[in-house]
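Geometric and topological summary
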Amino acid sequence: MKITKKNIIEPEEQTFLRGKNSQWRENVYIEHKEYNWRLCSLFIFIFFLGWFFTLLYYIYSLKQQLKIGKANDDNKKINVDLNDDIVEPYIKAQNDFCENPDKYKIQKYEDDIFLSDVKFNELKYQMYIFKSPNFILNEFRLYGAYEVPLSNYIIEALKYYQKKNNILNNKDILMIDIGGNVGWYPSLLGRYEYTILFFEAFEKNYYVAKKNYCFLNKDSNVIIITKGLGSEEKNCFYFDQKDNAGNGMVICENKTNLNDSGLDKLFIKESEVEMTTLNTFMPYLSNKNIALMKIDVEGYELKVLEGGKELITNYHIPFVVLEFSPGYLKEVGSEPRDLAQFFVDNGYKISLNGFLSKNFITVDELINKAGFQVNCYFIHESVANSLE
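Heads up: these notes are all about the structure in this document. Predicted, not measured: the structure shown is a model, and the values here were computed from it. (Residues numbered from 1 in each chain as written. Predicted model: local features only at pLDDT ≥ 70, side-chain atom pairs only at ≥ 80, totals over all residues. Heavy atoms only, no water.)

**Focus on the overall build of the protein chain**
Here is the rule we go by: Numbering of helices and strands starts at the N terminus; helices are DSSP runs of H or I of at least 4 residues and strands are runs of E of at least 2. Exposure is judged per residue with a 1.4 Å probe applied to protein chains only, and the accessible area is read against the type maximum: over 50% gives exposed, under 20% gives buried, and values in between give partly exposed. Between two residues, a contact is recorded if the distance between any of their heavy atoms is within 4.5 Å. Residue-level accessible areas treat just the shown protein chains as cover; the underlying method is Shrake-Rupley with a 1.4 Å probe.
When helices and strands are tallied, the protein chain shows 15 helices and 14 strands. Looking at the protein chain as a whole, 48% of its 388 residues are labelled buried. Long-range contacts, defined as pairs at least 24 residues apart, comprise 71% of the intrachain contacts of the protein chain with a sequence gap of at least 6. As displayed, the protein chain offers around 20600 Å² of accessible surface, 52% of which is attributable to carbon and sulfur atoms.

The following block contains the structure:
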């Protein structure tokens, strides 16, 4: 290449170009620095904005929980405390049963039970049931579980109640299980960590229910009350169903046999049982989230409600399910219509299609459709009117 004057950059010009490039680089550096600072500021802003909204949500959730703590007609209450004076003796008894099984072992009951596999939705576990012919055994053989449709309805209702009342923990929701047999619902719902207040009068049944309780987590919120429920505190007679082990009915009206109605062909007098009332447990129940009550007492339902009228009329349990059996009701001296009307008079609507169905029926329709026995669902109007 031929060097000419045009190709030569004078020193003064080189200095100028170096200065110009240096200024350009400095400007680029400043621009990048400002860009990085703006980007960093944006990230910091987004972080604190997210933190701020998280704090707002936490405060909102806390306020909702505090609201639930106030007693109202919708029964929005919290603070499940199992160490209550009324239930604590029962809690101690069932825990001692688990810790010292040989101390409480009753061989005649042990000989009639076995450990069965349970498969319910996503759950797999084991529980004790009777070997002798009974409905629970039959359903376990067919479905691997018991009362599957009703169990799903109950879980659906508990979840609905939890969402409607913004309750965070399952243990803060209570279900009352009256006439619980060998403890199907405590065994099932205890694994979902719901609190269950379980009543069973018959020794053979609550013996097995306690054995099933021992399978649950040590901190499980299941309370086994080893008494029956009625209109007053007294002793009554328990009649066991001959071809359905563990299923029976209580007779308290000075009746020691069932010859008058012919039910003596189905039931046999088994033992004397101790009865109490739901109202007795009001000090414990009055500050709880009672979402649901299940009653399965073979005709003694109205007597149970008479002894728990304070709970029904003052706290409006959202969901109640019971076996509506006109024949059994009449046997213990109750009128089927009176049982259904009791709920209607206390603001409940009647369904035969689960808790969240809006297909409500009248008392007359229930009487006509009941037949021998039917699962009847009572939904308080505070919930029924808001169903979608």
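**Here we look at the packing of aromatic side chains**
Using the following cut-off: Aromatic rings from Phe, Tyr and Trp, taking only the six-membered ring of Trp, are treated as a pair when their centres fall within 6.5 Å; an angle between ring planes under 30 degrees marks them as stacked, one over 60 as edge-to-face, and anything in between as tilted. Lysine and arginine charges are scored as sitting over a ring when NZ or CZ, respectively, is within 6 Å of the ring centre and within 35 degrees of the ring normal.
Scanning the model with the defined rule gives 17 aromatic pairs in all. Measuring from centroid to centroid gives 5.9 Å for Phe-140 and Trp-184, while their planes differ by 75°, and the two rings are edge-to-face. With Phe-140 in helix α5 (residues 135-143) and Trp-184 in helix α7 (residues 184-189), this pair connects stretches of sequence that are 44 residues apart. Taking the relative accessible area as the measure of exposure, Phe-140 reaches 8% and is therefore buried. The buried category is assigned to Trp-184, whose relative accessible area is 2%. With centroids separated by 5.5 Å and ring planes inclined at 75°, the aromatic side chains of Tyr-328 and Phe-372 adopt a geometry described as edge-to-face. Of this pair, Tyr-328 sits in helix α12 (residues 326-331) while Phe-372 sits in the loop between α14 (363-369) and β14 (374-380), and the two are 44 residues apart along the sequence. Using a relative accessible area of 4% as the deciding quantity, one classes Tyr-328 as buried. Across from the ring centre of Phe-130, 5.2 Å away, lies the NZ or CZ of Lys-204, which sits over that ring.

**Side note on unusual backbone geometry**
Residue Asn-121 is not a glycine yet carries a positive backbone phi of 50°. For His-316, which is not glycine, the phi dihedral falls at a positive 45°. Mapped onto the secondary structure, His-316 falls in the loop between α11 (309-315) and β11 (319-324).

**Focus on the sheet that holds strand β12 (residues 348-351)**
Using the following cut-off: Strands are labelled as partners when DSSP assigns at least two bridges between them. To get an axis, fit a line to the C-alpha atoms, keeping to the stretch in contact for a helix; angles then go from 0 to 180 degrees between the N-to-C directions.
Pairing within the open sheet is mixed, and its eight strands lie in the order β5-β4-β3-β10-β11-β14-β12-β13. On the outer flanks of this sheet lie β5 (222-225) and β13 (360-361), each paired with one strand and no other. Direction of pairing for β11 relative to β14: antiparallel, over a ladder of six bridges. In the strand pairing of β14, Val-321 is matched with Tyr-377. Strands in contact with helix α8 (residues 203-213) are β4 (195-199) and β5; relative to β5, the strand with the most contacts, it is inclined by about 165°. Contacts from helix α13 (residues 336-345) reach β11, β12 and β14 within the one sheet, and its direction differs from that of β11 by about 175°.

**Focus on α8**
Three or four residues apart is the spacing at which side chains of an α-helix point the same way, because the helix has 3.6 residues per turn. Among the 11 residues that make up α8, 10 are buried, leaving the element largely enclosed by the rest of the structure. Along α8, the positions that sit buried rather than exposed are Lys-204, Asn-205, Tyr-206, Tyr-207, Val-208, Ala-209, Lys-210, Lys-211, Asn-212 and Tyr-213.

**Some words on the pattern of salt bridges**
The line we're drawing: For salt bridges, the criterion is a side-chain nitrogen of Lys or Arg within 4 Å of an Asp or Glu carboxyl oxygen.
According to the stated counting rule, one finds seven salt bridges in the structure shown. Taking the shortest distance from any N to any O, the salt bridge between Glu-88 and Lys-92 comes out at 3.7 Å. Note that Glu-88 and Lys-92 are positioned in helix α2 (residues 88-99) at a spacing of four residues, about one turn of the helix. For Lys-92, a relative accessible area of 54% translates into the label exposed. Note that Lys-227 is salt-bridged to Glu-274, the shortest N-O span being 3.3 Å. On the criterion of sequence distance, the pair formed by Lys-227 in the loop between β5 and β6 (228-229) and Glu-274 in strand β9 (residues 267-276) is long-range, its members being 47 residues apart.

Don't take any of this as a statement about function, it's just geometry.
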